[in-house]
Amino acid sequence: GGVPPAADLVLGAAAGCMACVLTNPLEVVKTRLQLQGELRAPGTYPRPYRGVLRAAGAVCRADGLRGLQKGLAAGLLYQGLMNGVRFYCYSCALAAGWTGWPGGTVVAGAVAGAVGAFVGSPAYLVKTHLQAQTLAAVAVGHQHNHESISGAFESIYRQHGVAGLWRGVTGAVPRVAVGSAAQLATFASAKDWVCEHQWFGEGSWAAVLAGGMVSGVAVAVTMTPFDVVSTRLYNQPVDADGAGKLYRGFWDCFVQISSKEGLLGLYKGIGAVYLRLGPHTVLSLFFWDELRKM
């Protein structure tokens, strides 16, 4: 209370960036798992990444400990843009009283997430490229071979113009809209449920973390298929005109993955998605709340 939407834009961006530093390693692991075996039937391809822990070990062996923070600069830029805009829009909805309407929280969360995803899409594009890059022996997905975040933006802009920076946005908008709506609709109720069952004391951060992990189940189940599609659309190679060589768009990508990799192909990396969601939700909201108090 008492914090204007403009301040929430800055505080939300700062909170998202703080959480990103701690959860980015799981983003790297998730990206590799989601690109592994692209458009190939299960059991017909090598699997250098098996599960979250073993995949993290494979990243460290190939790229060193620093490999777990690949794409961090782009991730910070994305979190700053996306969460800043998301918290700003949600704060506006709160101030206008829209969240008090039936279903208002879900709608406000979805709209805020969609707008944030659109604004932050170029940063997410570069983040995905950088996190996928590794040694040829353990490479999965297309390798764009950027040398830096600035070089990646420059290369994409030079080859495909402004439109190229928003390639893949058709997957990003529904991904964040669904995730944001599910998160904001389930987090508070999950936290209350944990306290009602007396797992932890009311108001303790253990209860908040547990609520975040319970809420994370719903978010992971609903968001992971969109997350996989988004990663594939962002990372696919493109022709001289900027058109994707593997997928024509969101629906084509969804159909190709489910038909060639099976329905479980849409849930690749769900373990990393889930393990990231709870802590990232709690950390983002914790930092946001503390910054608002200050």
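Conventions used here
Residues numbered from 1 in each chain as written. Predicted model: local features only at pLDDT ≥ 70, side-chain atom pairs only at ≥ 80, totals over all residues. Heavy atoms only, no water. UniProt positions renumbered as here; feature names shortened; annotations may be inferred. Helix = DSSP H or I, 4+ residues; strand = E, 2+ residues; numbered from the N terminus. Patch = residues over 30% accessible without salt bridge, like charges linked within 9 Å, V, L, I, M, F, W, Y side chains within 5 Å. Areas by Shrake-Rupley, 256 points an atom, 1.4 Å probe, with all protein chains shown as cover. Salt bridge = Lys/Arg side-chain N within 4 Å of Asp/Glu carboxyl O. Lys, Arg positive; Asp, Glu negative; His and termini not counted. Charge placed at Lys NZ, Arg CZ, Asp CG, Glu CD. Expected span 1.5 Å × (residues − 1). Bend = angle between axes of the 7 residues up to and from the residue. Core = buried A, V, L, I, M, F, W, Y, C linked by side-chain atoms within 4.5 Å. Buried < 20%, exposed > 50% of the residue type's maximum accessible area, 1.4 Å probe, protein only. Contact = heavy atoms within 4.5 Å. Phe/Tyr/Trp six-rings, centres within 6.5 Å; stacked < 30°, edge-to-face > 60°. Axes fitted to C-alpha atoms, helices over the stretch in contact; angles between N-to-C directions. Parallel < 35°, antiparallel > 145°, perpendicular 65-115°, else oblique. Left-handed = near helix turned anticlockwise from the far one by under 90°. Nonpolar A, V, L, I, M, F, W, Y, C, P; charged D, E, K, R; others polar.

Going by what an unreviewed UniProt entry lists, the protein is known as Solute carrier family 25 member 34 and is assigned to Asarcornis scutulata. The UniProt entry for the protein carries the following text under Sequence similarities (unreviewed entry): "Belongs to the mitochondrial carrier (TC 2.A.29) family." Regarding the protein, the UniProt comment filed under Subcellular location (unreviewed entry) reads as follows: "Mitochondrion inner membrane".

The sites that carry the UniProt feature "repeat: Solcar" (unreviewed entry) are, in the present numbering, residues 3-96, 100-193 and 203-294. Taken end to end, residues 100-193 comprises 76% helix and 0% strand; its first and last C-alpha atoms sit 21 Å apart. The span residues 203-294 is 72% helix and 0% strand, and its two end C-alpha atoms sit 19 Å from each other.

The next subject is a positive patch on the surface. Taken together, Arg47, Arg50, Arg54 and Arg61 make up a surface patch of like positive charges. Relative to the helices and strands, Arg50 resides in the loop between helix H1 (5-35) and helix H2 (51-63).

With 31 residues, H1 should reach 45 Å at 1.5 Å per residue; the first-to-last C-alpha distance of 37 Å falls well below that figure. A bend of about 60 degrees at Thr23 is the largest found in H1, and the proline Pro25 appears one to four places after it. Backbone geometry just after H1 places Gly37 at a positive phi near 70 degrees.

Attention shifts here to the nonpolar core. The biggest cluster of nonpolar side chains holds 16 residues, and the ones touching the most others in it are Val29, Leu33, Tyr49, Ala55, Val59 and Leu68. For this core, the secondary-structure elements that each account for two or more residues are H1 and H2. A total of six residues in this core trace back to one element, the largest contributor, which is H2. Once residues within four sequence positions are removed from consideration, Val29 is found in contact with Val52, Ala55, Ala56, Leu68 and Ala272. Ala74, Tyr78, Tyr124 and Tyr234 belong to the second largest nonpolar core, which has 15 residues in total.

Attention now goes to the packing of aromatic side chains. Under the defined criterion, the tally for this structure stands at six aromatic pairs. Between the aromatic rings of Phe118 and Trp166, the centroid separation amounts to 5.9 Å while the plane-to-plane angle is 35 degrees, which identifies the pairing as tilted. Highlighted residues: Phe118 in helix H4 (residues 104-132) and Trp166 in the loop between helix H5 (149-165) and helix H6 (169-196), separated in sequence by 48 residues. For Trp166, a relative accessible area of 28% puts it in the partly exposed group. Each residue in the set Tyr78, Tyr124 and Tyr234 is aromatic and connected to the rest through ring pairs, giving one cluster.

One way to put it is that H1 packs onto helix H9 (residues 270-293) with a least axis distance of 8 Å and a crossing angle of 165 degrees. Comparing the axis directions of H1 and H9 gives the class roughly antiparallel. Handedness of the H1/H9 crossing: right-handed. Looking at the contact of H1 with H9 residue by residue, the class counts come to 16 nonpolar, six polar and five charged.

Moving on: the pattern of salt bridges. What the rule picks out here adds up to eleven salt bridges. For Asp63, the salt bridge goes to Arg32, with nearest N and O atoms at 3.2 Å. Taken together, the residues span a long stretch of sequence, with Asp63 in helix H2 and Arg32 in helix H1 at a distance of 31 residues. A salt bridge links Asp252 to Arg248, with the shortest nitrogen-to-oxygen separation between them at 3.4 Å. Through salt bridges with shared partners, a single network forms among Glu27, Lys30, Lys127, Arg175, Asp227 and Arg276.

Attention shifts here to unusual backbone geometry. Excluding glycine, a negative phi dihedral is what most residues carry, and trans is how most peptide bonds are arranged. For Leu39, which is not glycine, the phi dihedral falls at a positive 55 degrees. Along the polypeptide, Leu39 turns up in the loop between H1 and H2. What makes Leu39 buried here is its relative accessible area of 18%. The phi torsion at Asn145 lies on the positive side, around 55 degrees, for a residue other than glycine. Within the secondary structure layout, Asn145 lies in the loop between H4 and H5. Under the relative-accessibility criterion, Asn145 is labelled exposed at 57%.

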